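Architecture and fold: a report
Each chain, letter by letter, is given below.
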Amino acid sequence: MNNTVKHLVDPNDFTLEEINRVIDLGLNIQQNPSQYARLCEGKILGTLFYEPSTRTRLSFESAMLRLGGKVLGFSDANTSAVKKGESLADTVRVLDDYCDALVMRHPMEGAPKLASEYATVPVINGGDGGHQHPTQTLTDLITIKKYKGQISNLKIAICGDLLFGRTVHSLLKTLSRFENISFYLISPPELKIPRHLKDYLLDSYNISISEFTDLEDCIEDADILYMTRIQKERFLNEEEYIRLRDSYILTRDKLSEAKTNLMVLHPLPRNNEIHYDVDEDPRAKYFEQAAFGVYVRMALISFLLEVADHA
Amino acid sequence: MNNTVKHLVDPNDFTLEEINRVIDLGLNIQQNPSQYARLCEGKILGTLFYEPSTRTRLSFESAMLRLGGKVLGFSDANTSAVKKGESLADTVRVLDDYCDALVMRHPMEGAPKLASEYATVPVINGGDGGHQHPTQTLTDLITIKKYKGQISNLKIAICGDLLFGRTVHSLLKTLSRFENISFYLISPPELKIPRHLKDYLLDSYNISISEFTDLEDCIEDADILYMTRIQKERFLNEEEYIRLRDSYILTRDKLSEAKTNLMVLHPLPRNNEIHYDVDEDPRAKYFEQAAFGVYVRMALISFLLEVADHA
Amino acid sequence: MNNTVKHLVDPNDFTLEEINRVIDLGLNIQQNPSQYARLCEGKILGTLFYEPSTRTRLSFESAMLRLGGKVLGFSDANTSAVKKGESLADTVRVLDDYCDALVMRHPMEGAPKLASEYATVPVINGGDGGHQHPTQTLTDLITIKKYKGQISNLKIAICGDLLFGRTVHSLLKTLSRFENISFYLISPPELKIPRHLKDYLLDSYNISISEFTDLEDCIEDADILYMTRIQKERFLNEEEYIRLRDSYILTRDKLSEAKTNLMVLHPLPRNNEIHYDVDEDPRAKYFEQAAFGVYVRMALISFLLEVADHA
């Protein structure tokens, strides 16, 4: 029975057709929310957050509640059975009896994958270490679809920490599956995308990759500019962090070189990668992006619980 | 659009007419709870507690659930995006997409005010540092209205820490707006109300203020005795705390001097400001007061979400 | 009024007839969950967890949500009013206004009993120190009833830490009230059941108790084998823990000596008391047991809220 349950651990768990289906459903939910307000009545989503992530957790909770469902879980490993030395497999085998789907955030790469092998209910990866963060990718895609009308024939600039950023790796792998995508990758030399990932993408997909160390060198040509945070916790020492942090910052000045229909995205939270005065620019779509994160998660939950067709 | 949204950050955000409307609605809810049990169906309240406050948080949660609404949030800054260095403005701009109203508790004065400037949904101040705590004030007022029939022509004794206690300052400022109020303020000399607050009240309103250092000197004349906790965390050293803590304690003995229709209130939690044997006295209304805190918050949420008229 | 409210603090608070009623209701709920999906609509369960226990807390939350009710509470004493020095009695007198029933987990023995003396709503003991854990006992009983058809005429082996384990003491006391029960108690000499408990059981009930230091000496004769975790936190030093931990482990080898209709139970979480390869054996029922924990808690909540007959 277990192997007929659908999970989302890695973006590649979904076919392109499935990804499009979830995105289109999310766009439809955003247009007609009341039509979906009772879709998950009587269903429970379990949120197993082994590391804190307010934003991701609350966006899932909001999604489930807006579908008429309910939520239980924990937001911190300190309050969990982990402390008693229980295996993750055992925890999942118990908690899957308490709910109808599970979202797991875990500091250890592969934990959600392991969970999906034991769970009798759908498991959604809410981020595992530096590995995958597929619902952030779905959030990015639905926002692109909303404002660009399609996810193809796009020149996508991605700026910041491309070495450690899990949202970037998930996004790159998934965008590469769409048609006619060109990437402009902008980062300090120390934080370029991993060599193996670059090789994998070029070998597997019909994409192009250009690398830059300066945002100004490619901003005027981009359709989308995806800014990312340089996460302090990924650095080994503070000086290195402070030196690099300020290198890749979007300002109104830099933005003046860009296309008028550029779309600026950011997975948030930001530190200072985007100046506050950019927020006023109509090209800034990162807060809209956060809002679409709820709609696409509503779509995802409905899809995995197989209730999407009952709306 | 933002500036048409109604917030409650400071008690003065509401006109006296609005305060009365919320209180009367709360009293009506208490009489006919089932009539209001679905008023907020499909709505979500976000509880952003940057410092723990079980009592305030749970009274809001209970209020929203009893209105048929749902709740999400966090109860501790450690599980929040704060740790990633995000600005409060950004947090609010994201979280207001996840819910229909926000309650914020924050150790920093002014944080809820700032939040209300960015939020697209109503923001309720659940307490900000030593500053304001307007829903405690509404709780106090609804209890007075319930048991005294009106909030006017009252002699109100307030005893304890009048220097740091935010509940007291909010209460003083709001009660002063009602008709014919006399205050008896009882405190150690070190913990008298701030001079600027006293001047402001006397200049702005038609009230009288008498100050005492001994509870026994005015208890027999009061209609209401509002006891407050001397908060350990407000003192710089433990000895000072221990010396003052025991000075202003209500006992059955002291109560024997009071009017038979006196009403004793306390915002709770108490330490030892009120002896346990006072609990049996019919004049003790502090537990009823806590219960009315839920009804008045139900009224407030309904009012801010503009669903109050649909009951 | 208070004394007409029904609580579950100690398994002995319920008559045998009441225990059977709750168990049978739980079995019926498991068969027809949709019939009970709205039984607690409009009701709120408060979860007051003064020490973390993800499993117990979430099983209660799942139970209440599956009954159509709602949940509020805290999962950690750090976020509670405790820190402000408030008495438990005061906390309960306030929080019972926020909800329709309370579950309390507390590190201090007797805390839920005290709470039940002040609460105006039903109080359920979710575990108090090394004392009682009555809903685990109900979970054990419903699982036995489900798979054995009755709770009588059984030879029940209980293995592990019998000195400190609160689940074992609750279980022993309650099983003794059923007909024709024989206990095989297997433990290291240092962790035998307390003398006073053994004397009490033999004096009060028509049972037999045989004690063993080796699991192999009685496994072939048992109808039920109840394994327990040796809790690290109960030991004074680590070496003692490590020496004993490995002594009482169930393996496939040992299981090969047992009856084919043996039922292996465990309150979970386990460390290594049961080898993972035992999980595949059809006699392993501990994960089913965890699932039945939700059904019996649904039954218990319905019973205490007096809505059970409205299904």
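The structure presented is a predicted model; accordingly, all values stated were derived computationally and were not measured. (Residues numbered from 1 in each chain as written. Chains lettered and ligands numbered in written order. Predicted model: local features only at pLDDT ≥ 70, side-chain atom pairs only at ≥ 80, totals over all residues. Heavy atoms only, no water.)

A few words on the overall build of chain A. Check the secondary structure of chain A and you find 10 helices and 9 strands. Taking 2.2 N^0.38 as the reference for a compact globule, 311 residues should give roughly 19 Å; the C-alpha atoms of chain A span a radius of gyration of 19 Å, in line with that estimate. Counting all 311 residues of chain A, 64% fall into the buried class. Sequence-distant contacts in chain A: of pairs separated by 6 or more residues, those separated by 24 or more amount to 74%. In the structure as shown, chain A presents an accessible area of about 11600 Å², 46% of it carried by carbon and sulfur atoms. Within chain A, the 45 negative side-chain charges are centred at a point lying 3 Å from the centre of the 35 positive side-chain charges. (Helix = DSSP H or I, 4+ residues; strand = E, 2+ residues; numbered from the N terminus. Rg over C-alpha atoms; globule rule 2.2 N^0.38 Å. Buried < 20%, exposed > 50% of the residue type's maximum accessible area, 1.4 Å probe, protein only. Contact = heavy atoms within 4.5 Å. Areas by Shrake-Rupley, 256 points an atom, 1.4 Å probe, with all protein chains shown as cover. Lys, Arg positive; Asp, Glu negative; His and termini not counted. Charge placed at Lys NZ, Arg CZ, Asp CG, Glu CD.)

The subject of this paragraph is the relation of the copies chain A and chain B. For the pair chain A and chain B, the relating rotation is 120 degrees, the translation along its axis is 0.0 Å, and the fit reaches an RMSD of 0.1 Å. Such a combination of turn and shift is consistent with a three-fold rotation axis. When C-alpha positions in chain A are compared against the rotation axis, the closest is assigned to A:K70, at 5.1 Å. (Least-squares fit on C-alpha atoms with pLDDT ≥ 70 in both.)

Every contact between the two is made by 29 residues of chain A and, on the other side, 24 residues of chain B. Approximately 2200 Å² of surface area, both sides summed, lies buried where chain A meets chain B, with 52% of it carried by carbon and sulfur atoms. Joining chain A to chain B, the criterion identifies 5 salt bridges. Notably, a salt bridge pairs A:R38 with B:E41, separated by 3.6 Å at the nearest N-O pair. Put simply, chain A and chain B have 10 residue pairs in polar contact (both at pLDDT 80 or more) between them. Secondary structure elements with two or more residues in the side of chain A that touches chain B: α2 (54-66) and α10 (286-304) of chain A. In terms of residue count, the dominant contributor to the side of chain A that touches chain B is α2(A) (9 residues). (Buried area = accessible area lost by both parts, 1.4 Å probe. Salt bridge = Lys/Arg side-chain N within 4 Å of Asp/Glu carboxyl O. Polar contact = N/O pair within 3.5 Å; in protein donor to acceptor, adjacent residues only side chain to side chain.)

The next point concerns unusual backbone geometry. Residues and elements named next belong to chain B. Cis geometry marks the peptide bond from L268 to P269; its omega dihedral reads 0 degrees. Relative to the helices and strands, P269 is located in the loop between β9 (263-265) and α10 (286-304). The phi dihedral of N153 falls on the positive side, at around 55 degrees, and the residue is not glycine. Among the secondary structure elements, N153 is positioned in the loop between α5 (134-148) and β5 (154-159). According to the relative accessible area criterion, N153 is partly exposed, its value standing at 47%.

This paragraph deals with the side chain of B:R270. In this structure, B:R270 sits in the loop between β9 and α10. The exposure class assigned to B:R270 is buried, which follows from its relative accessible area of 1%. In this structure the side chain of B:R270 is engaged in a polar contact, spanning 2.5 Å, whose partner is the side chain of C:D90.

Right, let's get into the interface of chain A and chain C. Each side of the interface is counted separately: chain A has 24 residues, and chain C has 28 residues. Taken together, both faces of the contact between chain A and chain C bury some 2200 Å²; the carbon and sulfur share is 52%. Inspection of the region where chain A meets chain C yields 5 salt bridges. Put simply, chain A and chain C have 10 residue pairs in polar contact (both at pLDDT 80 or more) between them. Listing elements by their share of the side of chain A that touches chain C, those giving two or more residues are β2 (70-74) and α3 (88-95) of chain A.

A few words now on the pattern of salt bridges. Here the structure, examined in full by the defined rule, presents 48 salt bridges over all chains. Note that C:R55 is salt-bridged to A:E86, the shortest N-O span being 2.2 Å. Here the residue C:R55 occupies a position in helix α2 (residues 54-66), and A:E86 occupies one in the loop between β2 and α3, the pair thus bridging two chains. C:E51 is paired through a salt bridge with C:R105; the nearest N and O atoms lie 3.4 Å apart. Note that C:E51 is positioned in the loop between β1 (44-49) and α2 and C:R105 in strand β3 (residues 101-106), a separation of 54 residues in sequence. C:E51 sits in the partly exposed class, given a relative accessible area of 22%. Looking at C:R105, the relative accessible area reads 3%, which means it is buried. What emerges from the salt-bridge pattern is a single network uniting A:R38, A:E41, B:R38, B:E41, C:R38 and C:E41.

With that out of the way, let us pick up the packing of aromatic side chains. Applying the stated criterion to the full structure yields 21 aromatic pairs over all chains. For the pair B:Y50 and B:F74, a centre-to-centre distance of 5.2 Å together with 90 degrees between the ring planes defines the contact as edge-to-face. On the criterion of sequence distance, the pair formed by B:Y50 in the loop between β1 (44-49) and α2 (54-66) and B:F74 in strand β2 (residues 70-74) is long-range, its members being 24 residues apart. Taken as a pair, B:Y50 and B:F74 share a single burial class, namely buried. Put simply, the rings of A:Y147, A:F292 and A:Y295 touch in pairs and so form one group of aromatic residues. In this arrangement the basic side chain of C:K285 is found over the ring face of C:Y147, its NZ or CZ atom lying 4.8 Å from the centre. Just above the ring of C:F60 sits the side chain of C:R297; from NZ or CZ to the centre is 4.8 Å. (Phe/Tyr/Trp six-rings, centres within 6.5 Å; stacked < 30°, edge-to-face > 60°. Lys NZ or Arg CZ within 6 Å of the ring centre and 35° of its normal.)

Below, the discussion takes up the UniProt feature "binding site: carbamoyl phosphate" (unreviewed entry) in chain A. Those places that UniProt annotates as "binding site: carbamoyl phosphate" (unreviewed entry) correspond, in this numbering, to A:R55, A:T56, A:R105, A:H133, A:Q136, A:L268 and A:P269. The contacts of A:H133, once residues within four sequence positions are left out, are A:T56, A:R105, A:G126, A:G127, A:R166, A:T167 and A:S170. (UniProt positions renumbered as here; feature names shortened; annotations may be inferred.)

Before going further, it helps to spend a moment on helix α7 (residues 195-204) of chain B. Residues and elements named next belong to chain B. Along α7, the residues classified as buried are L197, K198 and L201. Along the axis of α7, the buried residues cluster in a sector spanning 100 degrees; they form a single face. Facing away from the buried surface of α7 by more than 90 degrees, the exposed residues are R195, H196 and D203. Looking at the buried side of α7, the elements it contacts are α6 (166-175) and β7 (208-212). (Arc of directions from axis to C-beta.)

This part covers the packing of helix α1 (residues 16-31) of chain B against α5(B). A pair of packed helices is captured by two measures, namely the crossing angle of their axes and the spacing between those axes. Residues and elements named next belong to chain B. For the pair α1 and α5, interaxial distance at closest approach is 10 Å and the crossing angle is 65 degrees. The orientation of α1 with respect to α5, classified from their angle, is roughly perpendicular. Judged by the twist between their axes, the crossing of α1 over α5 is right-handed. Of the residues in α5, those touching α1 at I19, V22, I23, D24, G26, L27, Q30 and Q31 are L138, L141, I142, K145 and K146. Classifying every residue of the contact of α1 with α5 by side-chain character gives 7 nonpolar, 3 polar and 3 charged. (Axes fitted to C-alpha atoms, helices over the stretch in contact; angles between N-to-C directions. Parallel < 35°, antiparallel > 145°, perpendicular 65-115°, else oblique. Left-handed = near helix turned anticlockwise from the far one by under 90°. Nonpolar A, V, L, I, M, F, W, Y, C, P; charged D, E, K, R; others polar.)

On to the packing of helix α3 (residues 88-95) of chain B against helix α4 (residues 111-118) of chain B, then. Residue and element names in this part refer to chain B. Two elements in contact, α3 and α4, have axes separated by 9 Å at closest approach and are oriented at 50 degrees. By the criterion of interaxial angle, the relationship of α3 to α4 is oblique. Here α3 and α4 pass one another in a crossing that is right-handed. Listed contacts from α4 to L88, A89, V92 and R93 of α3 are A111, L114, A115 and Y118. For the contact of α3 with α4, the per-class residue count stands at 7 nonpolar, no polar and 1 charged.

Turning our attention to the sheet that holds β3(C). On the basis of which strands lie adjacent, the open sheet formed by 4 strands has the order β2-β1-β3-β4 (chain C) and parallel pairing. At either margin of the open sheet sits one strand with a lone partner, and together these are β2 (70-74) and β4 (123-128) of chain C. Strand-to-strand twist in this sheet, taken as the mean axis angle between neighbours without regard to direction, amounts to 15 degrees. As judged from the 5 bridges shared by β1(C) and β3(C), these two strands associate in the parallel manner. Its bridge partner lying in β3(C), C:T47 is registered against C:V103. Across the sheet, α2(B) lies against β1 and β2 of chain C, angled at about 175 degrees from β2(C), the strand it touches most. (Pairing = 2+ DSSP bridges.)

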